[in-house]
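# Per-entry structural report
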Amino acid sequence: MDFPLVVPALVRRARTLFGHRPVSGRRPDRSIARTTYASVLERTRRLSTALAGLGVAPGDRVATLAWASQEHLEAYLAIPSIGAVLHTLNLRLHPDDLAYIVNDARDRILIVDESLLPLFEKFRAQTTTIEQVVVIPSAAAGSDAGDARDVTANTGAPAHGFLDYEALLASADLSAHLEPVIREDDAAVLCYTSGTTGRPKGVLYSHRSIVLHSFSQGIADSLGIGERDVLLPIVPMFHVNAWGLPFTGVLFGAGQVLPGRYLDGASVLDLIVRERVTLTAGVPTVWLAMLQELDKNPGGHDLSALRTIAIGGSAAPASMIRAYQERHHLRIVHAWGMTEVTPLGTVCNLPAGLEAAPLDEQVRYRARQGKPLPFVEVRGVADGVEVPWDGQTMGELEVRGPWVARQYYNVEGHDSRFSDDGWFRTGDVVLIHPDGCVELTDRAKDLVKSGGEWISSVALENALMAHPAVAEAAVVAVPHPTWDERPLAVVVLRAGAQATADDLREFLAPSFAKWWLPDRIEFAVEIPRTSVGKFRKSVLREQYKGLYADD
Ligand code: AMP
């Protein structure tokens, strides 16, 4: 049977099977609002109808500028359901970049959190394509403040062209609800890369890629998501679809918890406990922060429902994986992904035999990025030649598969990130072990080349973060007159802890060749972050580029 793999089929399934499953979210006033899929999907239908009523046609882009919330989930489902393209804007980008992205995508409608109107005002004048702005009120969804609300009360912006989200839903004429024919290769979602060099580039996800990617998160050797789960994506809904978890939750009927803007360790921990979350996901910095909270009061939080903390976006330090497992009996599942891969490409689950192995051995394996998901194929390439899967030879990771991008949106001509034989060049340098488990050694641009030899910044960072006094560590290459480049470590110490550069070098010494050890270790109050919470190494490279200028 020719049955298209499309987002509306996920929605239909949830409507018929999972109406009772919970959806909750942290509101801007920190209260928690609780509802069900039945209500969310009813409102989704209203939003679809209302957007079609505003003239949104298949293929049109509808942007969101919003934290994770029930309404954002409604937009995730409603926009692709009418064949339009959901375009999530990263609210941590510079206003000039946001304007560029909106214009590049030719977004026609913007759905924006009331609390983010001041941000929108910073780039509104530079946008040329937005026709209507729909404002999600800060008060609880479904509150009756709807029609009367002055949506611009806090910003002073003129009300013309602004619509209230609740009023829009209320006005939807459901008798006019249409379900257009959608092909599985049609575009469903558009995200821009958070790349730190050059202009952000758009990646379009088809309905088919979203559906297959959602399936892949359900299988046992991936995240094993099912109806019994309650998902808490800490990765924002504006970063690669919160790793696709909102769609996966709908497909399998997993409950969803949407954390709003409160992403600090204490708030995340509180939500996990209160909503009895079973699986949560985010970048390592979030889990380093939560670990500090847990360590303040070991055993003081009821985490009995939590089965998995999925970590990706940057390398999960082995010391953190160990600390969670050893001190708090929590299992970390390390995964690798990219905007261009929808995003999940590999997931690290312990293979047969290792479940009973000593903790050290388990942790060493869990710190790898994992095996490719079904239909995702990987290879390492160095100097144009595929490297052996021997766990030793480094090469650039290339991937292909049904949810790997074929090209960038709106970019003419051939892009060198895509190989002639149809693979995507990730820019990540990896070893592939004989069992197919991928281990990332660095971003190509973050490797340190010292005296002609490569030093992995990730390996040094991981080792430094295992020191009890170290909260965070980033290692970057800085130019050196003799060695070409040398590694520099920038370290943030834990509150109240002390360690000198010599202490840290001594700590590293048994694990590395002498020439790998950073000659300079700088202490800092914080490490600059990218818009999605990773270390922004480009800032450190710039800041310290003259370190050896006088040597
Ligand atoms: P983004 O497209 O913003 O999600 O960034 C993708 C990049 O994040 C990848 O190319 C990797 O460099 C990095 N990344 C993602 N997951 C991991 C991981 N588990 N370990 C190390 N780096 C990762």
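Scoring rules and cut-offs
Residues numbered from 1 in each chain as written. Predicted model: local features only at pLDDT ≥ 70, side-chain atom pairs only at ≥ 80, totals over all residues. Heavy atoms only, no water. Near = heavy atom within 4 Å. Polar contact = N/O pair within 3.5 Å; in protein donor to acceptor, adjacent residues only side chain to side chain. Areas by Shrake-Rupley, 256 points an atom, 1.4 Å probe, with all protein chains shown as cover. Domains from an automatic or database assignment. Contact = heavy atoms within 4.5 Å. Buried area = accessible area lost by both parts, 1.4 Å probe. Pairing = 2+ DSSP bridges. Helix = DSSP H or I, 4+ residues; strand = E, 2+ residues; numbered from the N terminus. Buried < 20%, exposed > 50% of the residue type's maximum accessible area, 1.4 Å probe, protein only. Arc of directions from axis to C-beta. Salt bridge = Lys/Arg side-chain N within 4 Å of Asp/Glu carboxyl O. Expected span 1.5 Å × (residues − 1). pLDDT = per-residue confidence, 0-100. Axes fitted to C-alpha atoms, helices over the stretch in contact; angles between N-to-C directions. Parallel < 35°, antiparallel > 145°, perpendicular 65-115°, else oblique. Left-handed = near helix turned anticlockwise from the far one by under 90°.

## Details of the site of the ligand
Residues in contact with the ligand amount to 17 residues; listed here are only the nearest, Ala 335, Thr 339, Asp 428, Arg 443 and Lys 534. At 2.9 Å, a side-chain N or O of His 334 approaches a nitrogen atom of the ligand. About the coverage of the ligand: the protein hides 92% of its 500 Å² of free accessible area.

## Looking at the domain arrangement of the protein chain
For the protein chain, the assigned domains read domain 1 (7-205), domain 2 (263-443) and domain 3 (447-543). On a C-alpha basis, the centroid separation for the pair domain 2 and domain 3 is 21 Å. Every contact between the two is made by 16 residues of domain 2 and, on the other side, 16 residues of domain 3. For the pair domain 2 and domain 3, the summed buried surface comes to about 1300 Å²; carbon and sulfur atoms form 56% of the total.

## Description of the sheet that holds strand β21 (residues 438-443)
The five strands are arranged β18-β17-β19-β20-β21 in an open sheet whose pairing can be described as antiparallel. Looking at the sheet topology across the chains shown, the edges are occupied by β18 (385-386) and β21. Where strand β20 (residues 424-432) and β21 come together, five bridges link them in antiparallel fashion. Note that in β21 the partner of Leu 431 across the bridge is Glu 439.

## Details of the sheet that holds strand β16 (residues 371-372)
One open sheet accounts for nine strands, arranged β2-β1-β11-β10-β12-β13-β14-β15-β16; its pairing is mixed. The open sheet terminates on both sides in strands that have one partner only, identified here as β2 (32-36) and β16. Pairing analysis gives five bridges linking strand β1 (residues 22-26) to β2, with the strands arranged antiparallel. Along β2, the bridge assignment pairs Val 23 with Thr 35.

## Section: helix α13 (residues 359-366)
For α13, the complete set of buried residues consists of Gln 362, Val 363, Tyr 365 and Arg 366. Each buried residue of α13 lies within a common arc of 160° when the element is viewed along its axis, so the set occupies one face. Packed against the buried residues of α13 are α12 (318-328), β14 (332-337), β15 (344-348) and β16.

## Looking at the pattern of salt bridges
Counted by the stated rule, this structure contains 32 salt bridges. The closest approach of N and O atoms between Arg 400 and Glu 377, which form a salt bridge, is 2.8 Å. Linking Arg 400 in strand β19 (residues 395-400) with Glu 377 in strand β17 (residues 377-382), this pair joins segments that are 23 residues apart in sequence. Judged by its relative accessible area of 34%, Arg 400 is partly exposed. Under the relative-accessibility criterion, Glu 377 is labelled partly exposed at 38%. When salt bridges that share partners are traced, they join Arg 379, Glu 398, Asp 421 and Arg 425 into one network.

## So, helix α3 (residues 70-81)
End to end, α3 covers 17 Å across 12 residues, agreeing with the expected 16 Å (1.5 Å per residue, within 8%). Among the 12 residues in α3, 12 count as buried, and that is most of the element. Gly 83 occupies a position one or two residues after α3 and carries a positive phi of about 80°.

## Some thoughts on the pairing of strand β10 (residues 230-233)
Of the two faces of β10, both are covered, the one formed by Val 230 and Leu 232 as well as the one formed by Leu 231 and Pro 233. Note: β10 against strand β11 (residues 255-258), two bridges, orientation parallel. When the bridges of β11 are listed, Leu 231 appears paired with Gln 256. Relative to strand β12 (residues 279-282), β10 runs parallel, the two sharing three bridges.

## Looking at the confidence of the model for the protein chain
The predicted model of the protein chain averages 92 in pLDDT, with 95% of residues at 70 or higher. The model gives residues 142-158 a pLDDT under 50, and that stretch makes 25 contacts with residues more than four places away or in other chains.

## What about the packing of helix α2 (residues 37-53) against α3?
Where α2 meets α3, the axes come as close as 8 Å, and the angle between the chain directions of the two elements is 55°. Accordingly, the angle class assigned to the pair α2 and α3 is oblique. When the axes of α2 and α3 are compared, the crossing they make is right-handed. Where α2 abuts α3, its residues Ser 39, Val 40, Leu 41, Arg 43, Thr 44, Leu 47, Ser 48 and Leu 51 lie against Gln 70, Glu 71, Leu 73, Glu 74, Ala 75, Leu 77, Ala 78, Ile 79 and Ser 81.

## Observations concerning the environment of Asn 297
Following the sequence through the fold, Asn 297 ends up in the loop between α11 (284-296) and β13 (308-311). In this structure, the C-alpha to C-alpha distance between Asn 297 and Leu 204, residues 93 residues apart in sequence, is 44 Å.

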